[in-house]
2 protein chains.
Amino acid sequence: MGNKKEFVKDITNINENFAQWYTDIVLKAELADYTDVKGFISIRPYGYSIWENIQAYADKKFKEHGVKNVSMPVLIPENLLNKEKDHVEGFAPEVAWVTIGGGEKLEERLCVRPTSETIFSTMYSKWLKSWRDLPYLYNQWCSVLRWEKETRPFLRSREFLWQEGHTIHETEQEAKQFTLDMLEVYADVIENLLAIPVLKGQKTKKEQFAGAEATYTVETLMHDGRALQGGTSHYFGQNFTKPFEVKFQNRNGEQEYAYQTSWGISTRLIGAVIMAHGDNRGLKLPPYVAPIQIVIIPIAQEKGNVLEKANKIKEKLKEKFRVELDNRDNYTVGYKFNDWEMKGVPVRIEIGPKEIEKGEVIVTRRDTLEKMPIKIEELQTKIEELLEDIHKSMYQVCKNRMKEKTSIALNMDEFIKNIDENQGFIKTMWCGSQECEDKIKELTGAPSRCIPFEQEHLSDTCVCCGKKAEKMVVWGRQY
Amino acid sequence: MGNKKEFVKDITNINENFAQWYTDIVLKAELADYTDVKGFISIRPYGYSIWENIQAYADKKFKEHGVKNVSMPVLIPENLLNKEKDHVEGFAPEVAWVTIGGGEKLEERLCVRPTSETIFSTMYSKWLKSWRDLPYLYNQWCSVLRWEKETRPFLRSREFLWQEGHTIHETEQEAKQFTLDMLEVYADVIENLLAIPVLKGQKTKKEQFAGAEATYTVETLMHDGRALQGGTSHYFGQNFTKPFEVKFQNRNGEQEYAYQTSWGISTRLIGAVIMAHGDNRGLKLPPYVAPIQIVIIPIAQEKGNVLEKANKIKEKLKEKFRVELDNRDNYTVGYKFNDWEMKGVPVRIEIGPKEIEKGEVIVTRRDTLEKMPIKIEELQTKIEELLEDIHKSMYQVCKNRMKEKTSIALNMDEFIKNIDENQGFIKTMWCGSQECEDKIKELTGAPSRCIPFEQEHLSDTCVCCGKKAEKMVVWGRQY
């Protein structure tokens, strides 16, 4: 084998140091990298390709709901940001300000958009005339800036990629329904594309978006039992349309302010995929979002017709799947196995002289490492079934974990014991006061995740103050 | 008809005031709008959808060449911008600077990217080790900022959307070839998608990109005879890889600096589509890039089965085409005809009781306004042929105009006469000196467009100084 490399470099053990394991995966699988711009990351082709698959899936669903894409300015003047009180309080501390343009100090400073409610509202105010124009269902795919102190690729950085949908409607009811429809799209993306089960619910007032009347969320649980917010959808009522004068002539000929929503998912979802599915061998990608679904590794590729046969199989599979053939001649087969396992490719196909003789290949699934011979002529059908099975099975693994790591706490001792031992989702009853919510976070490090749509009656009293309970809330430490 | 609106609002005559005609089209066809952020535009759904079609077409071609998409930071530290002398001189005067982030003055100011050679080079320097890693063929779809004084939607604004490809290669030859390959992709996009013929060539030293060794261009000609640069592809040699230390171990075991390219097309192309094809009725969209390829307008839609039949036809056509059915009941048929002509939809289908009886529809093409009855059962096939014919015919109209408006000038009197009478492309011989190039621009307002790949020998002497000519150059006033 001469100077061929034998093994991929070690990855930190997932159970010893999950944070370091995560960073190792991001860097070694070449998903992203740190840059010379503090707090900013570069998303590399393998990571970006995951994002492109998320985009394609979500964009199609949005469009099925009548959503259209647009582009709004990346810079927002300070006076626009200031128009909605809660909004500016929420975002002003973490924005980046442009103060010089074209060599001259600007009269008014402009922030690099942290989110675009203000600019969408301004344009809607300009365009909207009559109830007949409604709804406006617009979205943009772009990047936004928030001046975070720490940097963790995909999870926390000063710039991240996302989509932000902004809609206005004729009635409160229609707007609220649309907010929930978009939450369903997010649940669809996360469950059916990323193979991660979600918990759906409403954020408490404390945790809702700055300026929103209600924020809905899909919450997910990672390998280590910490929660990650998968996507949020906000109902604004007329909170922005009033200060921004977004009004229309309604069916009775009167002027009325429109009802507004916004909703977003971001490249955080790539972080979720890594942390929900990965293991000590590295990344484990769900088949429908994987940039490479199948890797073909020729055995003894220098011999006879191995490469030719491998190429033929590749061409055939390419009709339906995303396939790569690894014919590098400066790596051993062992290295390649490790390398593609680390990169999380769902299916590996080995083919060598022995297999060619039998008219079959050896197929290994990344999630269980189970191996099976498959007849070459059956490959296309079998792989299709296999990918579906891998998806379902990866989803089920997460579902089981979520079940195991969800516990009930009837008092604060139980709460603290459960979360310290097991992390996870803690279900409790809650009186509805922010005082208790603050206290719980202080005592446990766990903010509320949401008030689940599916409510249960665990007891009559608040887990914290013991007063009459209003709702069941799920809590959890978070990314 | 009661309060139904009868006509679309007037558009300025294209031959009387082309600039105002352009603005009218942009605003009335709802392609884009001005915003409260000076110099920044908002691209509305109809305009953005054109961009999405350009993106889809170009992105597929890039990927066929092995290009992969990535994401790089939107902010670039001043010291990186300063590393390549020509580059910083070219861009520093027109950038926007972020000086405050997260409430604090930054130690080093960061510019919002005007282009990303510097940041790509920095990352390439980090990643590149061996000739085996090469080439890196990366691209990003994003927006960039340049602090322009004037604003004309799609043509000139402080922010615009584009793609920027950045590649590095093992050899000079491979890099140069890739630069030309990408120019061919641009020619393909502009000719085969946008139906606009291009003139291919190399920019003169004066007109080339800041920091490039060679810039190649595809030039187009608009309705009024002015030129518009459709896309450019740059060969950098080692101009950036040396200061940014982008080097690799070559096949001989030595350290060598990589050879670099970059290339871009932008939302300017939407401006090109408007100005190359439009007329006094409004926009005229080439079929393959049109967001709506066919609009169906029911006649006497309140009668019998008209709407039902129209819907059936829509569903059938939707399998292959982008179709809209205009069943608005508060507009007259006449208004709808005008409205969709103004919006440039390539094919209109009318269907009313009379047509249903005959089993046909009336089809009108936007480019020639020619009307023809088509049997309903033949519609899918005939429309496919028709779209192809419209594309070819629109291309040919532009091709003929380009031919008519291209003239030869052997001396400056001819040059000035031709360009004042006819605008267009002026072909001349040129000595190669920047002195003459500057003087020609001063006298005629026409910078050089390019040194065409297809050279002709018009005379022995420079059109300006009369000294020995080196090359044929094409000149033209520009957008």
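Residues numbered from 1 in each chain as written. Chains lettered and ligands numbered in written order. Predicted model: local features only at pLDDT ≥ 70, side-chain atom pairs only at ≥ 80, totals over all residues.

What follows concerns the overall build of chain A. Along its length, chain A carries 13 helices and 23 strands. Viewed in the frame of its principal axes, chain A has a C-alpha envelope of about 80 × 60 × 45 Å. Across the 479 residues in chain A, those meeting the buried criterion constitute 49%. For chain A, contacts bridging at least 24 residues in sequence account for 70% of all contacts bridging at least 6. (Helix = DSSP H or I, 4+ residues; strand = E, 2+ residues; numbered from the N terminus. Buried ≥ 20, exposed ≤ 12 C-beta atoms within 10 Å, placed from the backbone. Contact = placed C-beta atoms within 7 Å.)

This part is about the interface of chain B and chain A. Contact with chain B, which involves 41 residues of that partner, is made by 41 residues of chain A. Per-element accounting of the side of chain B that touches chain A gives the leading share, six residues, to strand β5 (residues 96–101) of chain B. Bridging between strand β5 (residues 96–101) of chain A and β5(B) involves five bridges; their strand directions are antiparallel. Considered in β5(B), the bridge of V98(A) is made with V98(B). (Pairing = 2+ DSSP bridges.)

On to the relation of the copies chain B and chain A, then. Each copy superposes on the other: chain B lies on chain A with an RMSD of 0.0 Å after a rotation of 180° and an axial shift of 0.0 Å. One copy is carried onto the other by what is essentially a two-fold rotation axis. Looking at the rotation axis and the C-alpha trace of chain B, the residue lying nearest is V98(B), at 2.1 Å. (Least-squares fit on C-alpha atoms with pLDDT ≥ 70 in both.)

Residues and elements named next belong to chain B. Compared with the 18 Å implied by 1.5 Å per residue over 13 residues, the 18 Å span of helix α8 (residues 306–318) between its first and last C-alpha is a close match. Turning to α8, its buried residues are A310, I313 and L317. The arc that holds every buried residue of α8, seen down its axis, measures 60°, which confines them to one face. Within α8, the exposed residues directed more than 90 degrees away from the buried face are E308 and E315. Close packing links the buried residues of α8 with β15 (294–298), β16 (323–325), β17 (347–351), β18 (360–365) and α11 (379–404). (Expected span 1.5 Å × (residues − 1). Arc of directions from axis to C-beta.)

Here we come to the sheet that holds strand β9 (residues 199–202) of chain A. All names here are of chain A. Here eleven strands make up an open sheet; going across it, the order is β3-β7-β8-β14-β11-β10-β9-β22-β23-β21-β20 and the pairing mixed. Strands with a single pairing partner mark the edges of an open sheet, and in this sheet they are β3 (68–69) and β20 (406–408). Relative to strand β8 (residues 159–169), strand β7 (residues 136–145) is paired through ten bridges, and the arrangement is antiparallel. Each bridged residue has a counterpart across the sheet, and for N139 the counterpart in β8 is G165.

Right, let's talk about the environment of G103(A) for a bit. Residues and elements named next belong to chain A. Turning to its location among the elements, G103 is positioned in the loop between β5 and β6 (104–112). When the 11 C-beta atoms within 10 Å are taken as the criterion, G103 is described as exposed. Distance from G103 to D389, taken between C-alpha atoms, is 59 Å for residues 286 residues apart in sequence.

Below, the discussion takes up the environment of L194(B). Tracing the sequence through the fold places L194(B) in the loop between α6 (172–193) and β9 (199–202). Along the backbone, L194(B) and P286(B) are 92 residues apart, and their C-alpha atoms lie at a distance of 5.9 Å.

Residue and element names in this part refer to chain A. Spatially, five strands are ordered β16-β15-β17-β18-β19 in an open sheet, and the strand pairing comes out mixed. Every interior strand has two partners, whereas the edge strands, β16 (323–325) and β19 (371–375), have only one. Going across the sheet, the axis of each strand differs from the next one's by a mean of 25°, ignoring polarity. (Axes fitted to C-alpha atoms, helices over the stretch in contact; angles between N-to-C directions.)

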